[in-house]
Amino acid sequence: MTEQFDVIVVGAGAAGMMSAIEAGKRGRKVLLVDHAKKIGEKIRISGGGRCNFTNIHTHPSKFISNNPKFVISALKQYTQNNFIDLIKKHNIKFHEKKLGQLFCDESAQQIIDMLLLECEMAKVVLKKDTTIDDIDKQDDNYFIVVGSDKYFSQSLIIATGGLSIPKIGASKFGYDIAQKFGLKVIETLPALVPLTFSEKILAICKELTGLSVEAVVSFKKTFFEEGMLFTHRGLSGPSILQISSYWKLGDNIKVNLSPKLDVDKFLNDRKISSPKQDIGIIVSEILPKRLAHIICNENNVNGNICELSNKVLTSLSNSINAWVINPIGTEGYRTAEVTLGGIDTEEISSKTMMSNKHPGLFFIGEVVDVTGHLGGYNFQWAWSSGYVAGQYA
Ligand SMILES: Cc1cc2nc3c(=O)[nH]c(=O)nc-3n(C[C@H](O)[C@H](O)[C@H](O)COP(=O)(O)OP(=O)(O)OC[C@H]3O[C@@H](n4cnc5c(N)ncnc54)[C@H](O)[C@@H]3O)c2cc1C
């Protein structure tokens, strides 16, 4: 069987559904294809099941790409407020959790249901659980091969996402298609991912498993002040996930475990005001007890503060205000929220998301070399890039 469409969208995730809806609203005959049995699985598991669907502070500075200006046009054409309006139109209740992050009050499933309803209203033909055997171009038409069927279209939108969480459908399909059409792909890496450590730091992490502290985590000039979590595998929590998108293998990161306090000054003041006080008790005034205990042990300090030299106190305060640690890796795509790298933005028009070399071929969402910070920015990129492609496909 063969069938002609105006637009074929591959990948019915956040970006793919948005592009299909928008193209359908323009009267285009749209086919949306996904190999997964269930649609929108990444949306369903996002934000702890409540989907952090956008961020009110969305701004190009919140995105990582070889070309940091690439996102500007799409984010302007479809803003966070446009998506918030859509959510309101569907009566989905939401709240700001922190730092401008918007979550559903009830469930991420509401976002999936909303997108599926919009697809239906835009007369999008949805084929799930469908394996695409081949994609190619014949004259001015693209086509996909599904078993013995062939579907043709003027425009082809690739929205197959990144590589994280392979067990719910992630694949390298989008990168392969790009390469097949001769487009450059920037090296991909897991991002927004917990960091792992060798024995000494790992032993500390294991001992402190479950403990969360507010910390400033920095890599070179980039830093994030958010929660940091000790786990039995290493370090996690928002500040670590954020820095993982910047950290490079072989380099150190720096952790300030008490960002609001100059610990060196604090300890020196206490040495004068309470010379007979135990150092462990003093440190546990600024850090959780278990962490204070380990830090004192690691620094070989105990006894009354007056017995410790200023040099020892400075070294102790450095391990609190500027703990330098060397990750040995990440937990990888198994737990990463996103993929760094992807289709080189130089290959795509930032205004339309269409390939410069192949008119009618579009790439949107996470498959493109655009990675948002933690906090709803990755979905906003999916909505914005999907909207834009939907206007031009
Ligand atoms: C655990 C977790 C939590 C997250 N939480 C948030 C959050 O709260 N806020 C936020 O902004 N971001 C979050 N993210 C990131 C966000 O989910 C992604 O950035 C976003 O889903 C990307 O959208 P996309 O449409 O490009 O790709 P996806 O949503 O991944 O969709 C890609 C689709 O393509 C399909 N596909 C793949 N290969 C093929 C193929 N060969 N043939 C057919 N179909 C194919 C997949 O089945 C999938 O349906 C989270 C990610 C994870 C893993």
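Since the structure is predicted, the reported quantities are computational estimates derived from the model, not experimental observations. (Residues numbered from 1 in each chain as written. Predicted model: local features only at pLDDT ≥ 70, side-chain atom pairs only at ≥ 80, totals over all residues. Heavy atoms only, no water.)

Regarding the overall build of the protein chain
The following threshold applies: The helix count covers DSSP runs of H or I at least four residues long, the strand count covers runs of E at least two residues long, and both are numbered beginning at the N terminus. The contact criterion used throughout is that any non-hydrogen atoms of two residues lie within 4.5 Å. Per-residue and other accessible areas were derived by the Shrake-Rupley procedure at a 1.4 Å probe size, with only the shown protein chains allowed to occlude residues.
Of regular secondary structure, the protein chain possesses 13 helices and 21 strands. With the principal axes as the frame, the protein chain shows a C-alpha extent of 85 × 40 × 35 Å. The contacts of the protein chain with a sequence gap of at least 6 include a subset with a gap of at least 24, amounting to 72%. For the protein chain, the accessible area works out to roughly 17,300 Å², and carbon and sulfur atoms hold 52% of it.

Examining the pattern of salt bridges
Stated precisely, the cut-off is as follows: Between Lys or Arg on one side and Asp or Glu on the other, a salt bridge is scored when a side-chain nitrogen of the former is within 4 Å of a carboxyl oxygen of the latter. Exposure classes here rest on a 1.4 Å probe applied to the protein chains alone. A residue is buried below 20% of its type maximum, exposed above 50%, and partly exposed in between.
Taken as a whole and assessed by the stated rule, the structure comprises 20 salt bridges. Among the salt bridges present, the one from lysine 180 reaches aspartate 134, with a minimum N-O distance of 2.8 Å. One end of the pair, lysine 180, is in helix H6 (residues 173-180); the other, aspartate 134, is in strand E8 (residues 134-138), with 46 residues separating them in the sequence. A relative accessible area of 42% places lysine 180 in the partly exposed class. A relative accessible area of 30% means that aspartate 134 is categorised as partly exposed. As a salt-bridge pair, glutamate 331 and arginine 233 come within 3.9 Å of each other at their nearest N and O atoms. Taken together, the residues glutamate 331 in the loop between strand E18 (329-330) and strand E19 (338-343) and arginine 233 in the loop between strand E14 (222-230) and strand E15 (234-236) connect sequence positions 98 residues apart. We classify glutamate 331 as buried; its relative accessible area is 14%. Assessed through its relative accessible area of 38%, arginine 233 is described here as partly exposed. Several salt bridges share partner residues, and in doing so they unite Lys38, Glu41 and Arg44 into one network.

Overview of the sheet that holds strand E16 (residues 253-256)
Note the threshold: Any two strands with at least two DSSP-identified bridges between them are counted as paired. For helices, the axis comes from a line fit to the C-alpha atoms of the stretch in contact; other axes are also lines fit to C-alpha atoms, and the angle between any two N-to-C directions lies between 0 and 180 degrees.
With antiparallel pairing, the 7 strands of this open sheet are ordered in space as E17-E16-E13-E14-E15-E12-E18. Because the sheet does not close on itself, it has two edges, and the strands there are strand E17 (323-325) and E18. In this sheet, E14 lies alongside strand E13 (residues 212-219) in antiparallel orientation, the contact comprising 8 bridges. Paired with glutamate 214 across the two strands is glycine 227, which belongs to E14. In this fold helix H12 (residues 310-321) packs onto E16 and E17, with an angle of close to 105° to the strand it touches most, E16.

Some details on the UniProt feature "domain: RsdA/BaiN/AoA(So)-like Rossmann fold-like" (unreviewed entry) in the protein chain
Note the cut-off: UniProt positions are given in the numbering used here, feature names are shortened, and annotations may be inferred rather than shown by experiment.
Residues given the UniProt feature "domain: RsdA/BaiN/AoA(So)-like Rossmann fold-like" (unreviewed entry) here are residues 6-391. With 32% helix and 25% strand, the stretch residues 6-391 has end C-alpha atoms that lie 13 Å from each other.

Topic: helix H4 (residues 80-89)
Rules: As used here, the arc is the angular range of directions from the helix axis to the C-beta atoms.
Residues of H4 that are buried: Gln80, Phe83, Ile84, Leu86 and Ile87. Viewed along the axis of H4, the buried residues span an arc of 155°, placing them on a single side of the element. Summarising the geometry of H4, the exposed residues directed more than 90 degrees from the buried face are Lys88 and Lys89. Among the structural elements, helix H1 (14-25), strand E3 (52-55), strand E5 (94-96), strand E6 (101-104), helix H5 (109-121) and helix H13 (377-392) are those in contact with the buried residues of H4. Note on H4: the residue one or two positions beyond its end, asparagine 91, has a positive phi of about 55°.

Thoughts on helix H7 (residues 199-207)
Listed as buried for H7 are Ile201, Leu202, Ile204 and Cys205. All buried residues of H7 lie within an arc of 160° about the axis, which places them on one face of the element. Turned more than 90 degrees away from the buried face of H7 sit Glu199, Lys200 and Glu207, all of them exposed. Packing partners of the buried residues in H7 comprise E14, E15, helix H11 (289-298) and E17.

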